[in-house]
Amino acid sequence: MRILGLLAAMAGLIVLPLISSGYVVYLANLLLTFTVLCLGMHIVIGEAGQFSLAQAAFYGIGIYTSGLANTAFGWPLPLSVLASGLVAALVGLCIGTLALRMRDIYLALATFAFGEAMQWVFLSWTPVTGGPNGLRIPPASLLGFEIVNDRQAYPVVLAITILMIWATVVIARSRLGRAFRAVRESEVAALAMGVSVQTTKLAAFALSAFFAGVAGAMFAIYSTYIHPDSLGFQTTILVLTMVVVGGLGSFSGAIGGAIVFGLISELLRQAPSYQEIIYGLILIVFMMFAPRGLFAFIGDNLKRFARA
Amino acid sequence: MRKELLKVENVTVRFGGLVAVNDFSLNVAQGTIHALIGPNGAGKSTTFNCISRFYQPTSGRIVFDDTDITHAPASEMARYGIARSFQNLELFNELTVLENVMIGAHVHCGGSLPDRLQAKPPAVMRHIEEVIERTGLGPYREHKARNLDFGHQKLLELARALAIRPRLLLLDEPAAGLRNREIASLDRLLTDLVRTDGLTVLIVEHVMQLVMSISDRVTVLNFGTKIAEGTPQEVRNDPAVIEAYLGKEAAHA
């Protein structure tokens, strides 16, 4: 059953660009990018239980690194994607070393402040980011072939997404993944089991930054323009909402949340002034009535319905 | 003469002006069960937390297997082969019994990168399954820790500690809140672990029924100072112990 569903999803994803309009393919690229962003947030918040609110900053670092790798160095695509992830992870490591001395709300505030500071850097560092004018992203090239539209970018974006989903699963099942959950559940018990709590938190933080950096590189593949305005707290909250809507701590929830909520947010673009109010409301409603996320909520109610 | 596996030498712990533990020394011989008892607030848990490196003694030394561990970090204890349980349950609540025990085996899941990436390292799984069976948690393998009843949660604390494959097991009130039947099976399990597996156990416990039955030696603390030490029989008849527990009149009665 599960495998059939997976195959159907794969088939759908493969034929999608063949049967749909350019806008739908663009949307698919965007949703896949958000999926990777959500996986990153899932690792640090859902798995390791560390409230990091700097996802948009690492996303931005990924986008600009990728842009720079293309224009200034002319690196091939796989290398620039990897570089985007690594630079984001490196910055994450530095910030994490400082911020992870704090916990809970203090950690959230520290990472929030870092995110805001990074947005200011994006706005001011004109040679790299174009500053307030934004940056035109040159087309990426893969094996000498230039990617100039969404349809050409789609297979690459999809491949990276699948790779990142696979990586998330491998990490979750590994020794490190178990250490993440141990730290989330009880730091003192984790210590007694020989888990180095601080290193584990740092690993989660850096990995989540790596994911966000790769998501940034994905965005740079199909996008032609980036402005620092879209790399602020708003984006972090959007990703957080996706992860919460999908179900905090659930891997498939993070993916489902990215897709369902990504669609909602795309619809809401028609009404930009209400967008944030609606995000906020959705976040509150879910935390109150479906804290385990949309899919667990539907599942529970279906079960109750079946029993009645 | 048995080797002294753990030596606590003249340990003093001060919290501000309060002396919680005063010049306390203790030797635990390999392959024995040593109980640390005393009235509430006697400094048992403080001593216990010093040995497991969660507290830092103000002065004194803690030596494990001839290695000075007075300044070793708590996260290193599992590697030394020292495991502990927690008085007020510190389980990984949202994780399954199996996962809880697997995290207990954390230090044995290291090695090369492919080894670290394994979901169920075969070399470790055999021991884990054995621990789960031995503690009677087999039927609950896939249950979340928070859904277990209290008795099984206590057992899971023990199972997780055993997954470390410890040489020294530190148990902080493992019998507190257990029913008589559960205490009896804990008694059997601990005795078996020491007799057949050669484990060494230091246990802080209030349940005298268990202490008197399993301990090879008992140390009694009161107001942070050792007031008696000996076999369960000796300690039971010691006037200073009776006084500490029941008051002066009882001691002279």
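Source: prediction; values computed, not measured.

Q: Requested: an account of the interface of chain B and chain A, with residues and values cited.
A: Contact residues are listed per partner, giving 28 residues for chain B and 20 residues for chain A. For the pairing of chain B and chain A, the buried interface totals around 2,100 Å² over both sides, and the portion due to carbon and sulfur atoms is 63%. Of all residues in chain B, B:Phe92, B:Ile103 and B:His106 bury the most surface against chain A, accounting for 25% of the area lost on that side. Our count for the chain B to chain A interface comes out at 1 salt bridge. In this structure, B:Glu99 engages A:Arg181 in a salt bridge whose closest nitrogen and oxygen atoms are separated by 2.8 Å. Our count for the chain B to chain A interface comes out at 7 residue pairs in polar contact (both at pLDDT 80 or more). Taken together, the elements giving at least two residues each to the side of chain B that touches chain A come down to α2 (77-80), α3 (97-104) and α4 (113-117) of chain B. Of the residues forming the side of chain B that touches chain A, the biggest block, 4 residues, is contributed by α3(B).

Q: An account of the nonpolar core is needed here, citing residue identities and associated values.
A: Nonpolar side chains in soluble globular proteins tend to be buried together. Membership of the largest hydrophobic core comes to 83 residues, with the highest contact counts inside it found for A:Phe34, A:Phe58, A:Ile160, A:Phe211 and A:Ile226. No other element matches helix α10 (residues 197-222) of chain A, which puts 14 residues into this core. Counting 64 residues, the second-largest nonpolar core is a separate cluster that includes A:Val183, B:Ile164, B:Leu190 and B:Leu210.

Q: Pulling in residues and values, what's your account of the pairing of strand β4 (residues 59-64) of chain B?
A: Residues and elements named next belong to chain B. Direction of pairing for strand β1 (residues 4-15) relative to β4: antiparallel, over a ladder of 5 bridges. Residue pairing for β4: Leu-6 is matched across the bridge by Phe-64. The turn joining β4 and strand β5 (residues 67-68), which pair antiparallel and follow one another in sequence, is formed by 2 residues; a positive phi near 50 degrees is taken by Asp-65.

Q: An account of the packing of aromatic side chains is requested, with residue identities and associated values reported.
A: All names here are of chain A. Under the definition given, this model contains 12 aromatic pairs over all chains. With a centroid separation of 5.5 Å and 40 degrees between ring planes, the pair formed by Phe-58 and Phe-114 is classed as tilted. One end of the pair, Phe-58, is in helix α3 (residues 55-73); the other, Phe-114, is in helix α5 (residues 104-124), and 56 residues separate them in sequence. Pairing Phe-219 with Tyr-222 gives two aromatic rings, centres 5.7 Å apart and planes at 70 degrees, and the pair type is edge-to-face. A residue pair is termed a helical-turn pair when its members lie 3 or 4 positions apart in one helix, as Phe-219 and Tyr-222 do in helix α10 at 3 residues. No difference in accessibility class separates Phe-219 from Tyr-222, as the two residues are buried. Three or more aromatic residues link up through ring pairs in this structure, and these residues are Tyr-23, Tyr-26, Tyr-59, Phe-219 and Tyr-222.

Q: Tell me what's going on with a nonpolar patch on the surface, and back it up with residues and numbers.
A: All names here are of chain A. Together, Met-10, Ile-14, Val-15, Leu-18, Ile-19 and Ile-162 line one region of the surface with nonpolar side chains, adding up to about 600 Å² of accessible area. Here the nonpolar patch gets 5 residues from one element, more than from any other, and that element is helix α1 (residues 2-19). Along the chain, Val-15 falls in helix α1.

Q: With reference to specific residues and values, describe the side chain of B:Lys154.
A: All names here are of chain B. With respect to the helices and strands, the residue Lys-154 is situated in helix α6 (residues 150-162). No salt bridge forms around the buried Lys-154; measuring N to O, its nearest opposite-charge neighbour Glu-173 is 6.4 Å away. Ignoring sequence-local partners within four residues, the contact set of Lys-154 consists of Phe-86, Gln-87, Leu-89, Asp-172, Glu-173, Pro-174, Ala-176 and Leu-178.

Q: Tell me about the packing of helix α12 (residues 251-268) of chain A against helix α13 (residues 272-289) of chain A, residues and numbers included.
A: Residue and element names in this part refer to chain A. The N-to-C vectors of α12 and α13 enclose an angle of 150 degrees; their axes lie 9 Å apart at closest approach. Taken as axis vectors, α12 and α13 run roughly antiparallel relative to one another. Residues Phe-261, Ile-264, Ser-265 and Leu-268 of α12 touch α13, and the partners they reach there are Pro-272, Gln-275, Ile-278, Tyr-279 and Ile-282. The residue makeup of the contact of α12 with α13, split by class, is 7 nonpolar, 2 polar and no charged.

Q: Let's hear about the domain arrangement of chain B: which residues, and what values?
A: Residue and element names in this part refer to chain B. In terms of domains, chain B is made up of domain 1 (1-81 + 166-253) and domain 2 (92-163). Averaged C-alpha coordinates put domain 1 and domain 2 at centres separated by 26 Å. Counting residues at the interface gives 20 residues for domain 1, matched by 9 residues for domain 2. The junction of domain 1 with domain 2 conceals about 1,100 Å² of combined surface from both sides, 68% of it contributed by carbon and sulfur atoms. Joining domain 1 to domain 2, the criterion identifies 2 salt bridges. A salt bridge links Asp-197 to Arg-134; the nearest nitrogen and oxygen atoms lie 2.8 Å apart.

Q: So, the pattern of salt bridges: which residues are in play, and what are the values?
A: Two side chains carrying opposite charge are able to pair once their charged atoms lie near each other. Under the criterion given, the structure shown has 21 salt bridges over all chains. Among the ionic pairs, A:Arg103 bridges to A:Glu187, the shortest N-O distance being 3.1 Å. Placement of the pair is A:Arg103 in the loop between α4 (77-99) and α5 and A:Glu187 in helix α9 (residues 187-192), with a sequence separation of 84 residues. Residue class for A:Arg103 comes out partly exposed when judged on its relative accessible area of 46%. Put simply, B:Arg61 and B:Asp68 hold a salt bridge, and the shortest N to O gap is 3.3 Å. The class for B:Asp68 is partly exposed, based on a relative accessible area of 37%. Bridged by salt links that share partners, the residues B:Lys3, B:Asp65, B:Asp66 and B:Arg167 form one connected network.

Q: Describe the sheet that holds strand β7 (residues 168-172) of chain B, naming the residues involved and giving the relevant values.
A: Residue and element names in this part refer to chain B. Pairing in this open sheet of 6 strands is mixed, and the strands run β6-β7-β8-β3-β9-β10 from one edge to the other. The open sheet terminates on both sides in strands that have one partner only, identified here as β6 (82-84) and β10 (225-230). Recorded for the sheet is a direction-independent mean angle of 15 degrees between the axes of neighbouring strands. Of the strand pairs in this sheet, strand β3 (residues 33-37) and strand β8 (residues 200-204) are connected by 4 bridges, and their pairing is parallel.

Q: Let's hear about the sheet that holds β4(B): which residues, and what values?
A: Residue and element names in this part refer to chain B. Across the sheet, which stays open at both edges, the 4 strands sit in the order β2-β1-β4-β5 with antiparallel pairing between neighbours. Lying at the two open borders of the sheet, with one neighbouring strand each, are β2 (18-29) and β5. The strands touched by helix α1 (residues 44-51) are β1, β2 and β4; relative to β1, the strand with the most contacts, the crossing angle is about 120 degrees.

Q: I'd like a description of helix α7 (residues 180-197) of chain B, backed by residues and values.
A: Residue and element names in this part refer to chain B. The terminal C-alpha atoms of α7 lie 25 Å apart, and with 18 residues this matches the ideal 26 Å at 1.5 Å per residue to within 8%. Here α7 has its buried residues at Glu-182, Ile-183, Leu-186, Asp-187, Leu-189, Leu-190, Leu-193 and Val-194. Those residues of α7 hidden inside the fold are in contact with β3, α5 (122-134), α6, β7, β8 and α8 (208-214).

Q: I'd like a description of the packing of helix α11 (residues 233-246) of chain A against α12(A), backed by residues and values.
A: All names here are of chain A. Running from N to C, α11 and α12 point in directions that differ by 120 degrees, and their axes come no closer than 7 Å. Here α11 is positioned oblique relative to α12, judged by the angle of their axes. Crossing hand, α11 versus α12: right-handed. Side by side, α11 and α12 meet where Leu-238, Thr-241, Met-242, Val-245 and Gly-246 of the first sit next to Gly-253, Gly-257, Ala-258, Phe-261, Gly-262 and Ser-265 of the second. A class-by-class count of the residues in the contact of α11 with α12 yields 5 nonpolar, 6 polar and no charged.

What counts, and where the lines are drawn
- Residues numbered from 1 in each chain as written.
- Chains lettered and ligands numbered in written order.
- Predicted model: local features only at pLDDT ≥ 70, side-chain atom pairs only at ≥ 80, totals over all residues.
- Heavy atoms only, no water.
- Contact = heavy atoms within 4.5 Å.
- Buried area = accessible area lost by both parts, 1.4 Å probe.
- Salt bridge = Lys/Arg side-chain N within 4 Å of Asp/Glu carboxyl O.
- Polar contact = N/O pair within 3.5 Å; in protein donor to acceptor, adjacent residues only side chain to side chain.
- Helix = DSSP H or I, 4+ residues; strand = E, 2+ residues; numbered from the N terminus.
- Core = buried A, V, L, I, M, F, W, Y, C linked by side-chain atoms within 4.5 Å.
- Buried < 20%, exposed > 50% of the residue type's maximum accessible area, 1.4 Å probe, protein only.
- Pairing = 2+ DSSP bridges.
- Phe/Tyr/Trp six-rings, centres within 6.5 Å; stacked < 30°, edge-to-face > 60°.
- Patch = residues over 30% accessible without salt bridge, like charges linked within 9 Å, V, L, I, M, F, W, Y side chains within 5 Å.
- Areas by Shrake-Rupley, 256 points an atom, 1.4 Å probe, with all protein chains shown as cover.
- Lys, Arg positive; Asp, Glu negative; His and termini not counted.
- Axes fitted to C-alpha atoms, helices over the stretch in contact; angles between N-to-C directions.
- Parallel < 35°, antiparallel > 145°, perpendicular 65-115°, else oblique.
- Nonpolar A, V, L, I, M, F, W, Y, C, P; charged D, E, K, R; others polar.
- Domains from an automatic or database assignment.
- Expected span 1.5 Å × (residues − 1).
- Left-handed = near helix turned anticlockwise from the far one by under 90°.

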